[in-house]
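# What the coordinates show
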Amino acid sequence: MAEAGGRRRGRPEDTTGLGKNAMVRNKTANPQQITAEQLLREAVDRQEQEAKAPKQYITDEDELVMYKVRKRKEFEDVIRMQRQNIGEWVKYAQWEASQQEFRRARSIFERALHVEYQNTSIWLKYLEMEMKNKFVNHARNLFDRVTQLLPRVDQFWYKYSYMEELLGNYAGARGIFERWMEWEPDDNAWLQYVKFEERCKEIEKARRVMERYVNVRPTQQAFLRLCKFEEKHNSIARARSGFEKGVELLGNELDEKFYMKFAQFEQRQREMERAQAIYKLALDVLPKGASDELYRAYVSFEKQHGDRDAIEEVVLNKRRYIYEEGIKKNPRNYDIWFDYARLEESCGEVGRIREVYERAIANRPPVMQKRYWRRYVYLWLYYALFEELQTGDIDKARAVYDGLLKVIPHKQFSFAKVWRIYAEFEVRQLNLDRARKIFGRAIAECAKERIFLDYADLEMRLGNIDRCRKIYEKFLELHPQNPKAWNVYVDLEDSVGELDRARALCDLAVQQERLDMPELVWKRYIDLEVSNEEIERARRVWLRLLERTSHVRVFVAYTEFEATTAKSMANAREALERGVKHFKSEQRSDERAMLLEHWLKLEREHGDAAAVEAIEKRQAKRVKKRRSVPAEEGQQDAFEEYMDYIFPDDKPEQQNLKILEMAHAWKKRKLNA
């Protein structure tokens, strides 16, 4: 007993003597493994069955009375402790009803209603008990009570009217609906009343109910339901008047769905013109962003029943709306204005086109920078061309040009193209004096190179040489450093045969101290002499140029002239020798090598074999050299490689070249060995 009392129940005997500190010595896997599935199966198999309450069999009346007393006491105890627990009240009443104690059941439901009369579940269970046991009058009394206490709970009205309809009491059901409608319930209640009258074959009464419904709830959906009801019962005139009344009363509240239903109704009645008018009215009335479905329906309608013009009108309206929306977002998006104007021009309505252009040109760029004004100016130009070419209104086009010239801030920047187009417009109208005045204003306010050239071109086409000379003189006065001003004046004199004047202009031009690109003037001077076969004069011009500059390209071009045009290789060789000596003295190896290569090319093309051989010997050789680079303090000197030329004419360099050749030969022999 002592040993048995010393061990704890349910725990195996400790044979190690370590107690809780005992450790498992053998950690190898058990040869007989048990899966989780086996454990679960065993747990289910060994589970004990739940205890079931034994069935009671009541054999006599006394036992029944005792059973009822016991159950009632249990229910009463529960509802006394949990008075607000409506579920227990309902269970209590349903148990009494199951015992055929209907008076007791009614009493319990009434007691529950005193606790919470607004609880719909109590009323529903109460009504269900009465109707299930066919106590019709009791159910009617209950429905009357609940509809008076809770008139906004539609479920009781639905059940009340449905019960009377099932009993065949149509007059009573109609009375219930009438009482219900006095409370102005939601749409479904009205629709149920209408369907009830339809089931009773009372179409006129159903129509009056529908009209009352529309008067009480004048919404878009109500009008649609009224029109559908009238169309269903073949009252087309009343259906149409319903649609029209809806448009009249709810004009701004209607959406595209109502108009689509209206138009589809007219289509079903074969009234295509009325349907088309409805679509157009809706597209005009509704905001463009809320009528996409309507627009697609209208396009489909026009494709089926309309003509080409009507379809195009629909598409145009849609595109107009897109452009208008884009303009609202950014009124200075000139690309949209261009597209909008082209759209209206394709339609051909002059009033609309002018309106679009006027609205477009009213959006002036806010920044005084030329790049922001370019597309804006083109709007004016397109407007003027439209007035001139399409409407033929010359005065209006002239007014547009004048307005454009007033808008452009000429002190900051100007547009030569605008002046030229305006002047060409006046020329097309055979108004040369106005064109000359426009160019005169342009020279005063703009004074761009393009203005002078266009003005002179106009006078040249008219044959006014003296006017051209005055224009070019003004050009030279304002832009003396521009070589193009001199060249075009020389071209003019050359074209009319005034060679002395052209030569004098060239002399003046080359004597200018400041020219942007003087080589253009010299080239034009030389071309002038060469084109008139004045080779000696051209040579003197070349020599004057060589006195001014010693650029290698000048030597190359001059020697090309002597060898090709003047056919004088002696002068070419003399000039090349002069250039080689000049670049040698200035130690400009690249230019010297380039000139020698050009000399060799000329000798091969125009010289003899001896001259070619002599120049080939003088050609430079390109070698790689090293030179020191300045380094920072405390660092070693650095070197960089660069390419240089070795000329045979230079004697010390010739020796270096021979040493270099010998070194290359030695390296080659070493590699071969």
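Scoring rules and cut-offs
Residues numbered from 1 in each chain as written. Predicted model: local features only at pLDDT ≥ 70, side-chain atom pairs only at ≥ 80, totals over all residues. Heavy atoms only, no water. Helix = DSSP H or I, 4+ residues; strand = E, 2+ residues; numbered from the N terminus. Buried < 20%, exposed > 50% of the residue type's maximum accessible area, 1.4 Å probe, protein only. Expected span 1.5 Å × (residues − 1). Contact = heavy atoms within 4.5 Å. Polar contact = N/O pair within 3.5 Å; in protein donor to acceptor, adjacent residues only side chain to side chain. Axes fitted to C-alpha atoms, helices over the stretch in contact; angles between N-to-C directions. Parallel < 35°, antiparallel > 145°, perpendicular 65-115°, else oblique. Left-handed = near helix turned anticlockwise from the far one by under 90°. Nonpolar A, V, L, I, M, F, W, Y, C, P; charged D, E, K, R; others polar. Core = buried A, V, L, I, M, F, W, Y, C linked by side-chain atoms within 4.5 Å. Salt bridge = Lys/Arg side-chain N within 4 Å of Asp/Glu carboxyl O. Phe/Tyr/Trp six-rings, centres within 6.5 Å; stacked < 30°, edge-to-face > 60°. Lys NZ or Arg CZ within 6 Å of the ring centre and 35° of its normal.

### Focus: unusual backbone geometry
For residues that are not glycine, phi is negative in most cases, and the peptide bond is trans in most cases. Backbone geometry places E184, a non-glycine residue, at a positive phi of 50 degrees. Its location among the elements puts E184 in the loop between α9 (170–181) and α10 (187–199). For R270, which is not glycine, the phi dihedral falls at a positive 65 degrees. Among the secondary structure elements, R270 is positioned in the loop between α14 (256–268) and α15 (272–285). With a relative accessible area of 67%, R270 lands in the exposed category.

### Some words on the environment of L283
Assignment of secondary structure puts L283 in helix α15. Given a relative accessible area of 9%, L283 falls into the buried group. Between the C-alpha atom of L283 and that of Y259, which follows or precedes it by 24 residues, the distance is 9.5 Å.

### A short note on α14
Between its first and last C-alpha atoms α14 spans 18 Å; for 13 residues at 1.5 Å apiece the expected length is 18 Å, and the two agree. Taken residue by residue, α14 has E256, F258, Y259, M260, F262, A263, F265, E266 and Q267 as its buried positions. For α14, the elements touching its buried residues are α12 (220–232), α13 (236–249), α15 and α16 (292–305). Measuring from the side-chain oxygen of the N-cap residue of α14 to the backbone nitrogen of K257 gives 3.2 Å; that N-cap residue is D255. Remark: R270 follows α14 within two positions and exhibits a positive phi of approximately 65 degrees.

### Observations concerning the packing of α10 against helix α11 (residues 203–216)
Axis angle and axis distance: for two packed helices, these are the angle between their axes and the distance between the axes, and together they describe the pair. Relative to each other, α10 and α11 sit at 170 degrees, their axes nearing to 8 Å. By the angle class used here, α10 and α11 are roughly antiparallel. Seen along the crossing, α10 lies across α11 with a hand that is left-handed. Where α10 abuts α11, its residues D187, W190, L191, Y193, V194, E197 and E198 lie against K205, A206, V209, M210, R212, Y213 and V216. The residue inventory of the contact of α10 with α11, partitioned by class, reads nine nonpolar, no polar and five charged.

### A word on the nonpolar core
Counting 101 residues, the largest nonpolar core has W337 and I451 as its most contacted members. In terms of residue count, the dominant contributor to this core is helix α20 (residues 370–391) (nine residues). Not counting residues up to four positions away in its chain, the partners in contact with W337 are I327, P331, V356, R359, A360, N363 and L379. If you look at the next biggest cluster of nonpolar residues, it comprises 76 residues, including M129, V209, M260 and Y298.

### Regarding the pattern of salt bridges
Under the definition given, this model contains 51 salt bridges. A salt bridge links R428 to E388; the shortest N-O distance between them is 2.8 Å. Placement of R428 in helix α22 (residues 416–428) and of E388 in helix α20 is noted, with a sequence separation of 40 residues between them. The buried category is assigned to E388, whose relative accessible area is 9%.

### Some words on the environment of E230
Examined against the element boundaries, E230 turns out to sit in helix α12. On the accessibility criterion, E230 (1% relative accessible area) is buried. It is 8.0 Å that separates the C-alpha atoms of E230 and R207, two residues lying 23 residues apart in sequence. With residues near it in sequence (within four places) discarded, E230 still touches R207, S235, R238 and A239.

### As for the packing of aromatic side chains
Under the defined criterion, the tally for this structure stands at 33 aromatic pairs. Relative to Y126, the ring of F109 has its centre 4.8 Å away and its plane inclined at 10 degrees; by these criteria the two rings are stacked. Note that F109 is positioned in helix α5 (residues 102–115) and Y126 in helix α6 (residues 120–132), a separation of 17 residues in sequence. Assigned by exposure class, F109 and Y126 land together as buried. An aromatic cluster is defined as three or more aromatic residues linked by ring pairs; in this entry it consists of W157, Y158, Y170, F177, W180, Y193 and F196. When the ring centre of F135 is taken as origin, the NZ or CZ atom of R106, which lies over that ring, is 4.8 Å away. Sitting over the ring of F415, K370 keeps its end group 5.0 Å from the ring centre.

From the geometry alone we can't say anything about function, so treat these as descriptive.
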